[in-house]
Amino acid sequence: MSVTVPEPHWRHVPVRLDVERWATRRTRRRVLVVVHTVISGQRLLDAIRLLEGDVRVQTFFTQAPDVFSNGVSEFLERLGGLVLPWSQAVQTNFDLALAASHGSLHDLQAPVVVLPHGAGHNKFTPVVQRGRPVAQRGVYGLSRQGLVRDGAVVPEVIVLAHHEELARLGRECPEALPVAEVVGDPCFDRIAASLPSRALYREALGVRARQQLVLVCSTWGPDSLLGQGWGTLERLVTELPADDYRIAALLHPHVWNAHGDWQVRAWLAELARSGLILVSPHGDWAGTVVAADHIVGDHGSVSLYGAMTGVPVLMAGRSEADVDPGSPMAELMSFAPRLHGDRPVCPQLKRSSVTRRSHQYERVAARITSEPGRFARRMRALLYRKLHLRAPAARTTTEPARLPLAVRYDEPGSVMPR
């Protein structure tokens, strides 16, 4: 028997037609933030924060249908936003809607601005026709399947991070080119702004001055580092001397939300007792990337962001993952050495530092965004242009990442160490 998760109750204030009678503040524009998944919600925060302080704008949130919807309601509850049930959101007019995924956007009564929720557009996704996958594949975020409905392009604006993505979009969905706009990448900018504070992030993670931090980052799915087994993580924790190395694990929110926080903590409890730092999904992950001396990753976005810090990246996970060969991720995977399971770990880490070619990493980093340091300014201008409002005078600076949080195994309800 299927179980239906009840939606939140419909909101009356400040949505109903006689809102002036009930609302404390009269606003001029209504913005809907469409949260499909936790990772897309986190990405959208970088955009809606640019509207802070503007009393002319009322922001609403809604949870859109998605296979990875676990954790979204808790995310919105922690945020404290005014949440409309999806059934009400699709029947309400808004001046603008923001999303970082593509599902069901055609149902909205608003012009939609769609942002990427990772570092560019790297992964292939199966193309489905009449409910069945076909041999053709499209690049997620650029493919016609996700952008066009009934012959019309759904988004009002497709936000891109790099000018080279315009050419890729032109190959995948040429009719969407007129609505594409190169704005930049907020995570790139935040990591760049955080690099001078590297020592603070290392201290927050408990890494001593002479220790090297190895960051293990896994995306989700069977092709990911963890999807291929726990061996990589276990070998790093057991083989590397604790006096010289600390190991931290940064897992994609889909891993936590698909299996549950308790379960992930339980699976990694033994490794945590052996010294593993498990990075909390409820904190800011960017500082952990800045703190790392080595990155062991897969085809997820964090590996690509790690390349911009200048530290060596070793690849794990499935080497034949569905990555677009024209993407910056494919370029990183073409030269980053793989961590071999049949060789000792420590010599591989040392060798990756010696053989690292800085120009290769710089070239990949330059492909993440063609507007470094300019996301906040360009995105803010875009929002106010689409809202038909004059932007208030304000400085659009990029703040460094907040200090990372490690999972504590002594919290109530958590897996307790023996």
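Residues numbered from 1 in each chain as written. Predicted model: local features only at pLDDT ≥ 70, side-chain atom pairs only at ≥ 80, totals over all residues. Heavy atoms only, no water.

Draft legend 1. View of helix 15 (residues 328-335). The element helix 15 is extensively covered by neighbouring structure, given that 6 of its 8 residues are classed as buried. Listing the buried residues of helix 15 in full gives Pro328, Met329, Ala330, Glu331, Leu332 and Phe335. Those residues of helix 15 that are buried lie in contact with helix 6 (164-172), helix 14 (301-307) and helix 17 (358-366). (Buried < 20%, exposed > 50% of the residue type's maximum accessible area, 1.4 Å probe, protein only. Helix = DSSP H or I, 4+ residues; strand = E, 2+ residues; numbered from the N terminus. Contact = heavy atoms within 4.5 Å.)

Draft legend 2. Examining the side chain of Ser327 more closely. Of note, Ser327 is situated in the loop between strand 16 (313-315) and helix 15. Within the structure, the side chain of Ser327 is placed 2.7 Å from the backbone oxygen of Asp324, a separation counted as a polar contact. Discounting chain neighbours no more than four positions away, the residues touching Ser327 are His121, Asn122, Arg168 and Arg367. (Polar contact = N/O pair within 3.5 Å; in protein donor to acceptor, adjacent residues only side chain to side chain.)

Draft legend 3. Examining the packing of helix 15 against helix 17 more closely. Their axes nearest at 9 Å, the elements helix 15 and helix 17 cross at an angle of 165°. Here helix 15 is positioned roughly antiparallel relative to helix 17, judged by the angle of their axes. Handedness of the crossing formed by helix 15 with helix 17: left-handed. Contacts between helix 15 and helix 17 involve Pro328, Glu331, Leu332 and Phe335 from the first element and Gln360, Tyr361, Arg363 and Val364 from the second. Taken together, the residues of the contact of helix 15 with helix 17 sort by class into 5 nonpolar, 1 polar and 2 charged. (Axes fitted to C-alpha atoms, helices over the stretch in contact; angles between N-to-C directions. Parallel < 35°, antiparallel > 145°, perpendicular 65-115°, else oblique. Left-handed = near helix turned anticlockwise from the far one by under 90°. Nonpolar A, V, L, I, M, F, W, Y, C, P; charged D, E, K, R; others polar.)

Draft legend 4. Representation of the sheet that holds strand 4 (residues 96-99) in the model. The strand order across the open sheet built from 7 strands is 3-2-1-4-5-10-11, with neighbouring strands paired in parallel fashion. Where the open sheet ends on each side, the last strands, each with one partner, are strand 3 (83-84) and strand 11 (180-182). Note that strand 10 (residues 157-160) and strand 11 share 3 bridges and pair parallel. Counted as the bridge partner of Leu160 is Val182 from strand 11. (Pairing = 2+ DSSP bridges.)

Draft legend 5. Structural context of the pairing of strand 4. Of the two faces of strand 4, the one holding Leu96 and Leu98 and the one holding Ala97 and Ala99 are both buried throughout. As paired strands, strand 4 and strand 5 (residues 112-114) are joined by 3 bridges and run parallel to one another. Residue pairing in the sheet places Ala99 in a bridge with Val114 of strand 5.

Draft legend 6. Region of the structure containing the packing of aromatic side chains. A complete count under the given rule lists 5 aromatic pairs for this structure. Where Phe60 meets Phe94, the ring centres are 5.5 Å apart and the plane angle is 65°; that geometry is what we call edge-to-face. Placement of the pair is Phe60 in strand 2 (residues 57-63) and Phe94 in the loop between helix 4 (86-89) and strand 4, with a sequence separation of 34 residues. On the basis of relative accessibility, which here comes to 0%, the residue Phe60 falls in the buried class. Residue placement shows Arg30 over the ring face of Phe94; its charged tip is 5.8 Å from the ring centre. If you follow Arg356 out to its NZ or CZ, it ends over the ring of Tyr361, 5.7 Å from the centre. (Phe/Tyr/Trp six-rings, centres within 6.5 Å; stacked < 30°, edge-to-face > 60°. Lys NZ or Arg CZ within 6 Å of the ring centre and 35° of its normal.)

Draft legend 7. Geometry of the pairing of strand 2. The pairing of strand 1 (residues 29-35) with strand 2 spans 7 bridges and is classified as parallel. Within strand 2, the residue paired with Val35 across the bridge is Gln63. Here strand 2 pairs with strand 3 via 2 bridges, running parallel. Bridge pairing in strand 3 links Phe61 to Val83. Each parallel crossover has a hand, and the one from strand 2 via helix 3 (residues 72-79) to strand 3 is right-handed. (Right-handed = clockwise from strand over helix to strand, strands pointing away.)

Treat this as a map of the structure, not an account of what it does.
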